Amino acid sequence: QVQLVESGGALVQAGGSLRLSCAASGRTFSPYGMGWFRQAPGKERELVAAISGSGGSTYYADSKKGRFTISRDNAKNTVYLQMNSLKPEDTAVYYCAATTRNMATIINNYYSWGQGTQVTVSS
């Protein structure tokens, strides 16, 4: 099983940018599809973006298209989420997760989760 540790969360003003990182260890990283999810207080955890094992394919939830970019560096066993033009409604705990599939858009397909990193966007 792969272990995941997120970092990069912070308090930022609306319109600002952040880059989240997720470092993986424990198993070979490159075959695993990866995803970034977020969970706001009182809301269900939702998919933000997903990326295939090679990094050649990506998926974004509709509201994140154009503002968020998912990428990965398999040599560093790390997946990233670049977030631009942040809005107060982006405030949430952000989680990265791994799937045994090449890429997955359904939360139940992810089996390994990090502990999360808090992103707070002030207005």
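Residues numbered from 1 in each chain as written. Predicted model: local features only at pLDDT ≥ 70, side-chain atom pairs only at ≥ 80, totals over all residues. Heavy atoms only, no water.

Draft legend 1. Broad picture of the packing of aromatic side chains. One pass over the full model with this rule turns up five aromatic pairs. On the numbers, 6.1 Å between centres and 35° between planes, the contact of Y32 with Y111 is tilted. Within this pair, whereas Y32 is found in the loop between β3 (18–25) and β4 (33–39), its partner Y111 is found in strand β10 (residues 110–113), the two being separated by 79 residues in sequence. Take Y32: its relative accessible area is 7%, and that puts it in the buried class. Ring geometry for F37 versus W113: centroids 4.8 Å apart, planes at 55°, classification tilted. (Phe/Tyr/Trp six-rings, centres within 6.5 Å; stacked < 30°, edge-to-face > 60°. Helix = DSSP H or I, 4+ residues; strand = E, 2+ residues; numbered from the N terminus. Buried < 20%, exposed > 50% of the residue type's maximum accessible area, 1.4 Å probe, protein only.)

Draft legend 2. Quick look at the pairing of strand β5 (residues 46–51). Counting buried residues along β5, five of its six residues qualify, which places the element largely inside the surrounding structure. Summarising the sheet, β4 and β5 pair through five bridges and their orientation is antiparallel. Looking at β5, one finds that W36 is bridged to A49. Remark: six residues form the turn of the hairpin made by β4 and β5, two consecutive strands paired antiparallel; G42 in that turn has positive phi of roughly 80°. As paired strands, β5 and strand β6 (residues 58–60) are joined by three bridges and run antiparallel to one another. From the neighbouring strand, A49 faces β6, where its bridge partner is Y60. The antiparallel hairpin formed by β5 and β6 contains six residues in its connecting segment, where G55 sits at a positive phi of about 90°. (Pairing = 2+ DSSP bridges.)

Draft legend 3. Focus on the state of the cysteines. All chains considered together, the criterion is met by one disulfide. Paired through a disulfide, C22 and C96 show a sulfur-sulfur distance of 1.9 Å. The chirality of the disulfide connecting C22 with C96 is right-handed, given an S-S dihedral of about 55°. Linking C22 in strand β3 with C96 in strand β9 (residues 92–99), this pair joins segments that are 74 residues apart in sequence. (Disulfide = S-S within 2.5 Å.)

Draft legend 4. Summary view of unusual backbone geometry. One non-glycine residue with positive phi stands out, namely N77, at about 50°. Tracing the backbone through its elements, the reader meets N77 in the loop between β7 (68–73) and β8 (78–83). Positive phi values are uncommon outside glycine, yet S85 reaches one of about 50°. Among the structural elements, S85 can be located in the loop between β8 and β9.

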